[in-house]
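Tertiary structure, described
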Amino acid sequence: MFATAFSFLYQFGDAFAFLVIASMGLAIIFGMMGVINLAHGEFITCGAYVTATLAQKGLPLPLAILGGAACAGIIGMILEITIIRRLYHRPLDSIVATWGISMIATQGVLIVLGSTMQGVGTPLGSFSVGGYSYSTYRLVLMAIAVLLLLGLYLLFYHTRFGVIARATIQLPRMARATGVDTSRIYTLTFGLGAALAGLAGGLYAPTMTLVPTMGSTFIVESFVTVVIGGGDIFMGAAPAAAILAVIRAGMTAWQGQLFGQIGLLLTVIVVIRLMPGGLSGWLLRGRK
Amino acid sequence: MTFRTRMASALRLGCAAVALSATAALAQDGPIRIGVLEDQSGDFAAATMVKVNAITLAAEEINAAGGIGGRPVELVVYDTQSDNTRYQEFMRRVLQSDKVDVVFAGFSSASREAYRPIVNQFDGLAFYNNQYEGGVCDANMIVTGAVPEQQFSTLIPWMMETYGKNVYTIAADYNFGQISAEWVRKIVEDNGGTMVGEEFIPLGVSQFSQTIQNIQGAKPDFVVTLLVGAAQASYYEQAAAANVGLPMASSVNVGQGYEHKRFTPPSLKDMYVTTNYIEEVDTPESKAFIEKFRARFPDEPYINQEAANSYIAMYLYKSMVERAGTTDHAALRAEIAKGDVCFDGPSGKVCLDPKSQHMSHNIFLAKVNEDHSIEFPKVWENIAPYWLGEAGCDLTQNDPSEQYTPSNPPTK
């Protein structure tokens, strides 16, 4: 009994961690800022590749992962300054431009680094509960997902940067009038989103095949989570990830991976039909 | 297309046919054009970029030795980007506007089934140089890759004898995985075993926690992994991290995507693969091939079974054209029908089977050790691609252009 309960909790936690970690970067860039960035998966790939490279150079894995996130963040900021900034009011153009960036990045990695890269191996070994064995590293990922949500909540609601960032995104003119350098805030916020994407790549790099297209395997899940969640990360994406994780873990345990995916996508259809503003729009409906 | 343009194009075709036959003698002096449609980017690139290099190597060797019957070989290469619609576009382009004599095309079975109707439509000739789920009975296709009766009829009984009779299959959810899983099911049942589980994984899935648990819950003696593409290959790392510890059997791993080189040991420990070639094969022919290959392409990460198949296919085509004295497809098939189109290549002697236009193989059982080195516990010599012929496919008699499976055999 305990073993079965634990196994379901573990699978739920695993799916939850993946959805949260994969979607946080997108939640900020797409959910909060409203920027459609089709090169999001490439930030993830960037984080993973930098992490693997640093780890192979002998850096401890946690530092390597942070290095991956930092690198993706810096590249994100450079992209924001050079390209994305000019397209904030031209969403269709930004789709084409970021799609182009995505193709250049994927193909560039393929040409420069080859079709695949040596992995780093999953650390921390395994443990077993009642006949099933589990990877310990995945427990760490679950903890990180929760800490990530907590950290972002504190950042956006309890720091000066967070207040200014939210103000800038909600009412840029008003924020400018009070003396905020809004374009700097946009750059930093976009950079934060890119860094979180890089972090996702770094955290999952030890568990996956490293190929130039690996970022795209995160995209469906992260878009689904953000769309269901709606605009607000904490009122939206976190419960969205929890609900989707239950559906995915349950359906996959019952009928396999295909049904896990079907469940995920059906949920999106049902939720956006019933709650056009996503979960956060529905939860916050009384506030306006 | 309106009726008028259709008439016009029919007329043009007719004229072209007359013109072609009139200039056939002249064309003999030009180069032999070979279309190469392989994935050089996208999900499958890791396994398939080497095929283009193998074909290039063979073409350069053939040209240096005087070409095919005195005519030089010219390659027309397109990157199909692991995308089935690109295969269709480029197959039309090589057959219609580039007018190649033969096409070497395809990695995934989905891509092959995407382009095959086009090859049939324009009566082209295509070599499919990949191991696959078997069953294609099509006179326009020549298959040099291994098929289930070569890979599974050897592997599965050996695994059942060695490890036990309870089998769990995880397979990529498309025609290759579904039909291969059907083969595994049939062979397991024929040998008195039990399928304790089967799961089909959509392409592109990279998270396997729940699948791993489903497998552990079913308690199989070994797992048959028929996973395809870079994303699905994440399974091995995740299964090793969860300490599943079950032996694995596969027809696709190691021999195609060299997972044993890419992943950190020991994630592929106790993986058994039947393959007709990998670079670890320790024969003089194989060593000579590797030496030539690395001299030409020093940065090649791994020389896999598809590289050998592509290379062999080039030489098979050469010998067919030289024997027939023409690139005409009917004449080439008449040569295959004689049953002695063979080549002594990197994997030993192989021959084309007239009935199915598939190739015989020496099948090597590759075992991945804890440090990811390879050993070969067993070699099956000269396994013929017998199933299609026995089931009733005979391309020397008629051309159904169908793909058959054990549950959907040819109607006799």
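Source: prediction; values computed, not measured.

Let us look at the overall build of chain A. Secondary structure assignment for chain A yields 12 helices and 2 strands. Listed N to C, the secondary structure of chain A is α-α-α-α-β-β-α-α-α-α-α-α-α-α in terms of helices and strands. Whereas a compact globule of 288 residues would reach a radius of gyration of roughly 19 Å, chain A reaches 19 Å, a difference of no more than 12%. Structurally, chain A occupies a C-alpha span of about 65 × 50 × 35 Å along its principal axes. The 288 residues of chain A split such that 52% are buried. Across chain A, every contact between residues at least 6 apart in sequence was considered, and the portion connecting residues at least 24 apart equals 74%. Computed over 15 positive and 7 negative side-chain charges, the inter-centroid distance for chain A is 8 Å.

All names here are of chain B. Axis separation between helix H11 (residues 284–296) and helix H12 (residues 305–324) bottoms out at 12 Å; the angle between their running directions is 90°. Classified by the interaxial angle, the pair formed by H11 and H12 is roughly perpendicular. Where H11 abuts H12, its residues Phe 289, Lys 292 and Phe 293 lie against Ala 307, Ala 308 and Tyr 311.

Every contact between the two is made by 37 residues of chain A and, on the other side, 39 residues of chain B. Summing both sides of the interface, chain A and chain B together bury roughly 2900 Å²; the carbon and sulfur share of this comes to 49%. At the surface where chain A touches chain B, the tally comes to 0 salt bridges. On the surface where chain A and chain B come into contact, there are 15 residue pairs in polar contact (both at pLDDT 80 or more). Elements that contribute at least two residues to the side of chain A that touches chain B include exactly helix H1 (2–32), helix H4 (91–113), strand S2 (132–135), helix H10 (233–255) and helix H11 (257–274) of chain A. Among the elements that line the side of chain A that touches chain B, the one with the most residues is H1 of chain A, at 5 residues. For the side of chain A that touches chain B, the class distribution of residues is 14 nonpolar, 21 polar and 2 charged.

This part covers the domain arrangement of chain B. Residue and element names in this part refer to chain B. Structurally, chain B comprises domain 1 (30–146 + 281–362 + 382–403) and domain 2 (149–275). Here the C-alpha centre of domain 2 lies 27 Å away from the C-alpha centre of domain 1. Together, the buried faces of domain 1 and domain 2 total about 2200 Å²; carbon and sulfur atoms form 55% of this surface. The three residues of domain 1 that bury the most area against domain 2 are Gln 131, Glu 133 and Tyr 302, which together make up 28% of that side's buried surface. The tally of links between domain 1 and domain 2 comes to 0 salt bridges. Taken together, domain 1 and domain 2 are joined by 13 residue pairs in polar contact (both at pLDDT 80 or more). Its residues assigned to classes, the side of domain 1 that touches domain 2 shows 16 nonpolar, 11 polar and 4 charged.

Right, let's talk about the side chain of Asp 394 of chain B for a bit. Residues and elements named next belong to chain B. As for its placement among the helices and strands, Asp 394 is situated in the loop between helix H14 (386–391) and strand S16 (402–403). Comment: no salt bridge for buried Asp 394; closest opposite-charge side chain is Lys 355, at 5.0 Å. A distance of 2.5 Å separates a polar atom in the side chain of Asp 394 from a polar atom in the side chain of Thr 396. In this structure Asp 394 touches Cys 137 and Lys 355, once residues within four positions along its chain are discounted.

Two side chains that carry opposite charge are able to pair once their charged atoms sit near each other. Residue and element names in this part refer to chain B. Per the stated rule, a full pass over the model turns up 24 salt bridges over all chains. In this structure, Lys 367 engages Asp 270 in a salt bridge whose closest nitrogen and oxygen atoms are separated by 3.9 Å. Of the two residues, Lys 367 sits in strand S14 (residues 361–368) while Asp 270 sits in the loop between helix H10 (259–262) and strand S11 (271–275), which places them 97 residues apart along the sequence. Both residues of the pair, Lys 367 and Asp 270, count as buried. Several salt bridges converge on common partners, so that one network encompasses Arg 112, Glu 113, Arg 116, Glu 133 and Asp 138.

Once that is clear, we can look at the UniProt feature "transmembrane region" (unreviewed entry) in chain A. Residue and element names in this part refer to chain A. What UniProt calls "transmembrane region" (unreviewed entry) maps, in this numbering, to residues 12–39, 59–84, 96–117, 137–156, 185–204, 224–247 and 259–284. Along residues 59–84 one finds 85% helix and 0% strand; the C-alpha atoms at either end are 33 Å apart. Taken end to end, residues 259–284 has its terminal C-alpha atoms 31 Å apart, with 85% of it in helix and 0% in strand.

All names here are of chain B. When the pLDDT values of chain B are averaged, the result is 87; 93% of them are 70 or greater. A low-confidence stretch, residues 1–8 stays under pLDDT 50, and its non-local contacts, those more than four residues away or across chains, total 2 contacts. pLDDT under 50 marks residues 13–27. Its contacts with residues more than four places away, or in other chains, come to 1 contact.

Calculation criteria
- Residues numbered from 1 in each chain as written.
- Chains lettered and ligands numbered in written order.
- Predicted model: local features only at pLDDT ≥ 70, side-chain atom pairs only at ≥ 80, totals over all residues.
- Heavy atoms only, no water.
- Helix = DSSP H or I, 4+ residues; strand = E, 2+ residues; numbered from the N terminus.
- Rg over C-alpha atoms; globule rule 2.2 N^0.38 Å.
- Buried < 20%, exposed > 50% of the residue type's maximum accessible area, 1.4 Å probe, protein only.
- Contact = heavy atoms within 4.5 Å.
- Lys, Arg positive; Asp, Glu negative; His and termini not counted.
- Charge placed at Lys NZ, Arg CZ, Asp CG, Glu CD.
- Axes fitted to C-alpha atoms, helices over the stretch in contact; angles between N-to-C directions.
- Parallel < 35°, antiparallel > 145°, perpendicular 65-115°, else oblique.
- Buried area = accessible area lost by both parts, 1.4 Å probe.
- Salt bridge = Lys/Arg side-chain N within 4 Å of Asp/Glu carboxyl O.
- Polar contact = N/O pair within 3.5 Å; in protein donor to acceptor, adjacent residues only side chain to side chain.
- Nonpolar A, V, L, I, M, F, W, Y, C, P; charged D, E, K, R; others polar.
- Domains from an automatic or database assignment.
- UniProt positions renumbered as here; feature names shortened; annotations may be inferred.
- pLDDT = per-residue confidence, 0-100.

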